[in-house]
Amino acid sequence: MRYEFRVTGSVSRLMAEAFPELKAEPVPRQTLFSGTVTDEAHLYGLLARFQDLGLSVREMRRLPE
Amino acid sequence: MPPTGLPPSGDGRGTTLAWSGDPLLAAKFSVPAAPRHHVSRHRLLDRVGEGARGPLTLVTGPAGAGKTALAAAWARDGEPPGPVAWLTLDTHDGAPGVFWSYVVEALGRVLPRLRDGITMPARPGSVGTSLLTRLAAATEHLSGPVVLVLDGFEKVAGRRVPAGLEFLLGHCGPLLRLVVTSRRDPLLPLHRYRAEGRLTEVRGADLAFTPYETTALLRGHGLGPGDDVAGALTRRTGGWAAGLRLCALAMQRTGDPDGFARSFAGTEQAVSGYLIAEVLDALPPATAELLLRASVLDRLHPDLVDALTGRRDAEAVLAGLTRENAFVDPVPGTPWCRVHPLFTEVLRGQLRIRHPRLVPRLHARAARWLAGEGLVTEALEHAAQAGDWQYGASEAVHHLLAGALFTAPGGERVERAFSRMPPSVPGAEPALLAAACRLARHDRAGCRERLAVAGRHLRQGGTEPDPEVGLTHALLRLLCEPQADEHSGEHGADDGSGPAEEAARAVSDLMGRLPPERIRARPEIEALRLHGLARSHLGRGRLAEARRLCAEAAGACTTQESLPVQHMALGLLALAESAAGALTSAEDHALRSLLIAGQHDDGPDGRGGAAFVALAAVACERDNQEVAHRRLGQALACRDVHYDPLLAAEAAVLRSRLELARGRWETALSVLPGPGTGEAPWPARRLALARAAAALARGDHEAAVDAVHGIRADGPAPLVALARAHLCAGRTDRSLRLLARAEDSPGLGLPDLVGIHLLRARAALLAGDRATAQCLLGRALDAARPELLRRPFLDCGPWLRPLLDGAGRTDPAHTRAAWLTARGDAGRPGPAQPLSSRERDVLLCVQRMMSADEIAAELSLSVNTVKTHLRSVYRKLSVSRRREAVERGRELHIL
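Rules and cut-offs
Residues numbered from 1 in each chain as written. Chains lettered and ligands numbered in written order. Predicted model: local features only at pLDDT ≥ 70, side-chain atom pairs only at ≥ 80, totals over all residues. Heavy atoms only, no water. Helix = DSSP H or I, 4+ residues; strand = E, 2+ residues; numbered from the N terminus. Buried < 20%, exposed > 50% of the residue type's maximum accessible area, 1.4 Å probe, protein only. Contact = heavy atoms within 4.5 Å. Areas by Shrake-Rupley, 256 points an atom, 1.4 Å probe, with all protein chains shown as cover. Lys, Arg positive; Asp, Glu negative; His and termini not counted. Charge placed at Lys NZ, Arg CZ, Asp CG, Glu CD. Axes fitted to C-alpha atoms, helices over the stretch in contact; angles between N-to-C directions. Left-handed = near helix turned anticlockwise from the far one by under 90°. Phe/Tyr/Trp six-rings, centres within 6.5 Å; stacked < 30°, edge-to-face > 60°. Lys NZ or Arg CZ within 6 Å of the ring centre and 35° of its normal. Salt bridge = Lys/Arg side-chain N within 4 Å of Asp/Glu carboxyl O. Pairing = 2+ DSSP bridges. Core = buried A, V, L, I, M, F, W, Y, C linked by side-chain atoms within 4.5 Å. Domains from an automatic or database assignment. Buried area = accessible area lost by both parts, 1.4 Å probe. Parallel < 35°, antiparallel > 145°, perpendicular 65-115°, else oblique. Nonpolar A, V, L, I, M, F, W, Y, C, P; charged D, E, K, R; others polar.

1. Section: the overall build of chain A
Part 1 of the argument: The helix and strand inventory of chain A stands at two helices and four strands.
Part 2 of the argument: The principal-axis extents of the C-alpha atoms in chain A amount to approximately 25 × 25 × 20 Å.
Part 3 of the argument: Per-residue burial over chain A gives 46% buried out of 65 residues.
Part 4 of the argument: Put simply, 66% of the contacts in chain A that link residues at least 6 apart link residues at least 24 apart.
Part 5 of the argument: As displayed, chain A has an accessible area near 3500 Å², and 50% of this comes from carbon and sulfur atoms.
Part 6 of the argument: Charged side chains of chain A number 9 positive and 9 negative; the gap between the two group centres comes to 7 Å.

2. What to know about the packing of helix α12 (residues 241-253) of chain B against helix α14 (residues 271-281) of chain B
Packed helix pairs are characterised by how far apart their axes lie and by the angle those axes make with each other.
Residue and element names in this part refer to chain B.
Part 1 of the argument: It is at 9 Å that the axes of α12 and α14 come closest, and there the two elements cross at 35°. For the pair α12 and α14, the crossing hand works out as left-handed. Where α12 abuts α14, its residues Gly 243, Leu 246, Cys 247, Leu 249 and Ala 250 lie against Leu 275, Ile 276, Glu 278 and Val 279.

3. Some remarks on the packing of aromatic side chains
Part 1 of the argument: Counted by the stated rule, this structure contains 15 aromatic pairs over all chains.
Part 2 of the argument: Consider the rings of A:Phe33 and A:Phe50, whose centres lie 5.3 Å apart with planes at 65°: the pair is edge-to-face. With A:Phe33 in strand β3 (residues 30-36) and A:Phe50 in helix α2 (residues 40-52), the pair connects residues that are 17 residues apart, well separated along the chain.
Part 3 of the argument: For the pair B:Phe264 and B:Tyr274, a centre-to-centre distance of 5.2 Å together with 20° between the ring planes defines the contact as stacked. Of the two residues, B:Phe264 sits in helix α13 (residues 257-266) while B:Tyr274 sits in helix α14, which places them 10 residues apart along the sequence.
Part 4 of the argument: Judged by relative accessible area, which is 0%, B:Phe264 ranks as buried.
Part 5 of the argument: Among the aromatic residues, those joined into a ring-pair cluster are A:Tyr3, A:Phe5, A:Phe19, A:Phe33 and A:Phe50.
Part 6 of the argument: Against the face of B:Phe209 rests B:Arg41, its NZ or CZ located 3.9 Å from the ring centre.
Part 7 of the argument: The ring of B:Trp336 carries the charged tip of B:Arg299 above its face, separated from the ring centre by 5.0 Å.

4. Observations concerning the pattern of salt bridges
Part 1 of the argument: The full count for this structure, using the stated rule, is 52 salt bridges over all chains.
Part 2 of the argument: One salt bridge connects A:Arg49 with A:Glu21, and the closest N-O pair in it is separated by 2.9 Å. Of the two residues, A:Arg49 is situated in helix α2 and A:Glu21 in the loop between α1 (13-16) and β2 (23-27); the sequence distance between them amounts to 28 residues.
Part 3 of the argument: A:Glu21 sits in the partly exposed class, given a relative accessible area of 30%.
Part 4 of the argument: B:Arg686 serves as the salt-bridge partner of B:Glu650, at 2.5 Å between the closest nitrogen and oxygen. Here B:Glu650, found in helix α38 (residues 645-661), pairs with B:Arg686, found in helix α40 (residues 681-697); they are 36 residues apart in sequence, far enough to count as distant.
Part 5 of the argument: Given a relative accessible area of 15%, B:Arg686 falls into the buried group.

5. Remarks on the pairing of strand β4 (residues 176-182) of chain B
All names here are of chain B.
Part 1 of the argument: Of all seven residues in β4, seven are buried; the element is thus mostly enclosed.
Part 2 of the argument: Side chains Leu 176, Leu 178, Val 180 and Ser 182 project from β4 onto one buried face, and the interleaved Arg 177, Val 179 and Thr 181 project onto a second face that is buried too.
Part 3 of the argument: Pairing analysis gives five bridges linking strand β1 (residues 56-60) to β4, with the strands arranged parallel. When the bridges of β4 are listed, Val 59 appears paired with Thr 181.

6. Description of the nonpolar core
Part 1 of the argument: Ranked by size, the top nonpolar core spans 99 residues in total, and within it B:Phe418, B:Leu471 and B:Leu538 carry the most contacts.
Part 2 of the argument: Broken down by element, the residue count for this core peaks at 11 residues, all from helix α32 (residues 563-580) of chain B.
Part 3 of the argument: Taken domain by domain, this core gets at least three of its residues from each of domain 3 (376-479) and domain 4 (522-643) of chain B.
Part 4 of the argument: Once you skip the residues sitting within four places of it in the chain, B:Leu471 turns out to touch B:Leu400, B:Val507, B:Leu510, B:Met511, B:Leu514 and B:Ile525.
Part 5 of the argument: Ranked by size, the runner-up nonpolar core spans 83 residues in total, among them A:Val11, B:Val271, B:Leu321 and B:Val339.

7. A look at the interface of chain A and chain B
Part 1 of the argument: Chain A puts 19 residues into the contact, and the matching count from chain B is 18 residues.
Part 2 of the argument: Between chain A and chain B lies a buried interface of about 1600 Å² when both sides are counted; carbon and sulfur atoms form 58% of it.
Part 3 of the argument: Looking at the side of chain A facing chain B, the largest losses of area belong to A:Leu14, A:Gln51 and A:Asp52, adding up to 36% of the total buried there.
Part 4 of the argument: Linking chain A to chain B there are two salt bridges.

8. Considerations on the sheet that holds strand β2 (residues 84-88) of chain B
Residues and elements named next belong to chain B.
Part 1 of the argument: Spatially, the five strands line up as an open sheet ordered β2-β3-β4-β1-β5, and their pairing is parallel. Each edge of the open sheet carries a strand with a single partner, namely β2 and β5 (199-202). Pairwise comparison of adjacent strand axes, ignoring direction, gives a mean angle of 15° for this sheet.
Part 2 of the argument: Each of β2, β3 (146-151) and β4 touches helix α4 (residues 96-110); the most contacted strand, β2, lies at about 150° to it.

9. Here's the deal with helix α3 (residues 67-77) of chain B
Part 1 of the argument: Along α3(B), the residues that are buried comprise B:Lys67, B:Leu70, B:Ala71, B:Ala72, B:Ala73, B:Trp74 and B:Ala75.
Part 2 of the argument: Trailing α3(B) by a residue or two, B:Glu79 shows a phi angle of about 55°, which is positive.

10. What about the packing of helix α42 (residues 716-728) of chain B against helix α43 (residues 732-744) of chain B?
All names here are of chain B.
Part 1 of the argument: Relative to each other, α42 and α43 sit at 165°, their axes nearing to 8 Å. With respect to each other, α42 and α43 are oriented roughly antiparallel. Crossing angle aside, the handedness with which α42 passes α43 is left-handed. Within the contact between the two elements, α42 uses Pro 716, Leu 719, Val 720, Leu 722, Ala 723, His 726 and Leu 727 and α43 uses Thr 732, Arg 734, Ser 735, Leu 738, Leu 739, Arg 741 and Ala 742.
Part 2 of the argument: Classifying every residue of the contact of α42 with α43 by side-chain character gives nine nonpolar, three polar and two charged.

In structure tokens form, the structure reads like this:
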């Protein structure tokens, strides 16, 4: 399953590197992370990682396959 | 450090937690020191103080919001209402056994007398009382308020610990005050606590810095910002404490604080990324390089960091960073420190970009340093991350970790790390470690396959392997049950020269060649050796030997790490006893086994299900179907019941018996696997006898005879089964001859003995000799009564009833038989003390699903009194939940 996470602020390459499995794409005042999420454990792990890095997730949605 | 008393979930006897003076562990229990430029935030301190007048205060917020800082500041100088027990949680503390042992330790440090209340020696009657019930009871009689701070509760993932905490909150005395900090809302019924006014919350928005507090923070760093700067930074960071601290650091380093504030406020970058980059860019190159390399670590020790950098300045650099209140926090009382997780993640990413090939080399160096310091688990994790499998496997084997892999708490971490090891890694040690990992996942076939590979390597090596390697090989061979029955045949297995005995002897010999202190440090090896031998004996149906060895194995477990082996050994002991008809002691040992695993509170967690199988068997033998069903369900929820051939066979036999008791003959037969699927002799025989019983219940005595003839029928049980089939077929003489042989065979168990008496009684009845039949029935009753063994009587069929009734009129045998029909499980130990009438009223209300408030209204009592009654009901019934109390109450006919 593929997911997209919308995160506040443009995220530097340095921070984006903490999500090697996701593609980071800058949009105005926000960053879109998208990629394949293995399972639910991975999903919650990603959310925790965003939180660990002080990034606030504005929106999260499942992408059509 | 004072010695501590309580094993996390043991039986309170003979075992102590070995805190072993580990300063890293001690740091978990101390209130973190104040950072240098701490801003005292009275509005929040007051809030927590107010919360601590009630049972639960919850501090939630994102990483770096200042949750720990607030709780620590309040514990240090916020005038808490009583002594503060502090517990900093880690990701490895999630297992309930570990978590609760830490809680008891933390509380015990401020309340030395609390431990006495909890370590009360477990009498047989109280053996079911869980640790949580005892902990709750111990907090009932506090002389003043006591605060327990659980810092970082989000690290304890899963439902089981929060469920335990909910129980504690529901049943502890009014003077225990809980303060929990967490990044996420814990899985507690917060809405209910809110509605009941029992919860005080400090949430992310409360933790956010106000512009006034921002000014104070910046002043503390020697900066003199104007109101507009403080306001702008507060707005931009959303009052995020870690962000503001980073701002202060960045501003200290630039010459132009106002310029920094302006450009920061002007960017659209994510706050944390921008600030971290600012701070890292401003570091001297040597410091940055050091942090980059050290980012592979979770915890930094100056010497370890030196080993990674090849320099000698780590101590000075880390001390400097700590002093500057940057993002390096010391672990109090130790030379270790931690880098703030925000930075660790970013630094790791940077390291991967800049020096991708350095990463495995750094992990390999860390592994060697850690192994040298005796931190084996962490060393192995780093070795795995380095892909340095051969080194890691060799270290694990030489540290005799194979046994600890599936027993000790750290074993799971090693197992996880090495599960990624490719099978192509050459050498005996990697194959041995892979074998141990497979066994830890109950994959016996995979374990045997890897052991064969290891064996080939060992033979090719030519030279004699190190004793550690040989020992690991022999121990694993013993535990994965060598299947050599084919060539050893029926005789070889019995003269002590079977493959299991041979492996066990090899383990003993090799143990003798190692220094005694190393063997003493790993008692699980001897315990596993005995356990493996016991399994092998049980597999061949030698119950007495198996029982003796299981008891020895349980007795050999003397440390915290070996408790899981004790759990396994007691479970197997209970299983062997239940098969031999020693039901009382089987039940006792099974409960002790469950208590050790902490499963009594939390349900199965992938550990052994032998104890549940034994409890199901006991209930089945005593004709307590409801309990047997429940226990069997619990057993089937344990993974090993599906993978362990012994347990799988026993569970199938029980399912078949329960189906039979419901009169479903077809199902009873279909739940049994077909014959000849390569089981060890004993499970094969148990399955065959179950097939015979199912066939006989259908009236098909020829099929029953065939089922028994299909196996190697030594021992009394198959003879009794054959005799039963022949008697049904009307071949009385043949049946009696078989019974005579059965009676003379060694290893006659109670169920067999009772069965023999009953079949003889039937034969006498058929011959018209009612007096002899009566006399034989009396003997069967007397033999079965001490254990309340009812099943042989129920299997008898309709002829028994008139004989039993007839007994009543003529002789005192009626009372001899009364227990047989007395429902309600009179034989199981009743409540340690009878319930008072008020307690019984409360329990009746609980049965009607009423809440504490409703019960209070119904019985015109105060809510606190109701809770007191409930607690003593739980204690007397040895349960920890409402549902269990009702079930137990029904079992005991209190309800």
